[in-house]
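Here is what each chain is made of, one letter per residue.
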Amino acid sequence: MAAAVALLRTGVPWPDGAIAAVVAAIDDGASVTYCWAHGGDWSDELMVVPSAPVALDLLSHLLQAREPKTRELGLWAMEAMRASL
């Protein structure tokens, strides 16, 4: 998760398979606590950054995830993205 946030912050294109790896990590219960957070949860930063082209692909994968809690995160993210428009 920290690597995904780092990719997002640097603007580096995500490599093939990165989105699937992030969703699999979320399905497996990954969490991140880090001192360099911008005040929100890591999911806030990944999903509510309107300039991130990866956000829509990540949202699509979250909504199709195997774990209900991951799909729930996708629903939250969809609402948060809509509210930020």
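This text gives an overview of the structure that appears in the document. (Residues numbered from 1 in each chain as written. Predicted model: local features only at pLDDT ≥ 70, side-chain atom pairs only at ≥ 80, totals over all residues. Heavy atoms only, no water.)

In this section: the nonpolar core. One broad rule of soluble globular proteins: the nonpolar side chains tend to lie buried together. Counting 16 residues, the largest nonpolar core has Trp14, Val22, Ile26, Leu46, Leu58 and Leu62 as its most contacted members. When contributions to this core are tallied by element, the ones reaching two or more residues are α1 (2-10), α2 (18-27) and α4 (54-63). By residue number, the principal contributor to this core is α2, which donates five residues. (Core = buried A, V, L, I, M, F, W, Y, C linked by side-chain atoms within 4.5 Å. Buried < 20%, exposed > 50% of the residue type's maximum accessible area, 1.4 Å probe, protein only. Helix = DSSP H or I, 4+ residues; strand = E, 2+ residues; numbered from the N terminus.)

What follows deals with the packing of α2 against α4. Closest axis-to-axis distance for the α2/α4 pair is 10 Å, and the angle between their directions is 45°. Judged by the angle between their axes, α2 and α4 are oblique. As α2 packs across α4, the resulting crossing turns out to be right-handed. Residues Ile19, Val22, Val23 and Ile26 of α2 pack against Val54, Asp57, Leu58, His61 and Leu62 of α4. Within the contact of α2 with α4, the residues separate by chemical class into seven nonpolar, one polar and one charged. (Axes fitted to C-alpha atoms, helices over the stretch in contact; angles between N-to-C directions. Parallel < 35°, antiparallel > 145°, perpendicular 65-115°, else oblique. Left-handed = near helix turned anticlockwise from the far one by under 90°. Contact = heavy atoms within 4.5 Å. Nonpolar A, V, L, I, M, F, W, Y, C, P; charged D, E, K, R; others polar.)

Turning next to α4. Since one α-helical turn is 3.6 residues long, residues separated by three or four positions face the same way. Looking only at α4, the buried set comprises Val54, Ala55, Leu58, Leu59 and Leu62. Down the axis of α4, the sector holding all buried residues measures 135°, keeping them to one side. (Arc of directions from axis to C-beta.)

Mapped onto the elements of the fold, aspartate 27 is located in helix α2. Of note is the side chain of aspartate 27, whose polar atom sits 3.4 Å from the side chain of arginine 66. (Polar contact = N/O pair within 3.5 Å; in protein donor to acceptor, adjacent residues only side chain to side chain.)

The next subject is the side chain of threonine 70. Mapped onto the fold, threonine 70 is located in helix α5 (residues 68-83). Take threonine 70: its relative accessible area is 1%, and that puts it in the buried class. When sequence neighbours within four positions are dropped, the list of residues in contact with threonine 70 reads Val23, Ile26, Asp27, Leu62 and Ala65.

Those residues of α1 that fall on the buried side of the exposure criterion are Ala4, Val5 and Leu8. Around the axis of α1, the buried residues are gathered within 100° of arc, so they sit on the same side. What points out from α1, more than 90 degrees from its buried face, is the exposed set Ala3 and Thr10.

Moving on: the pattern of salt bridges. Per the counting criterion, the structure on display carries three salt bridges. Residue aspartate 27 is joined to arginine 66 by a salt bridge in which the shortest nitrogen-to-oxygen separation is 3.4 Å. On the criterion of sequence distance, the pair formed by aspartate 27 in helix α2 and arginine 66 in the loop between α4 and α5 is long-range, its members being 39 residues apart. Of the charged contacts, one joins arginine 66 and aspartate 28 as a salt bridge, the two residues approaching to 2.6 Å between their closest N and O atoms. With arginine 66 in the loop between α4 and α5 and aspartate 28 in the loop between α2 and α3 (42-47), the pair connects residues that are 38 residues apart, well separated along the chain. Overall, the relative accessible area of 60% leaves aspartate 28 in the exposed class. Within the structure, one salt-bridge network assembled from shared partners comprises Asp27, Asp28, Arg66 and Glu67. (Salt bridge = Lys/Arg side-chain N within 4 Å of Asp/Glu carboxyl O.)

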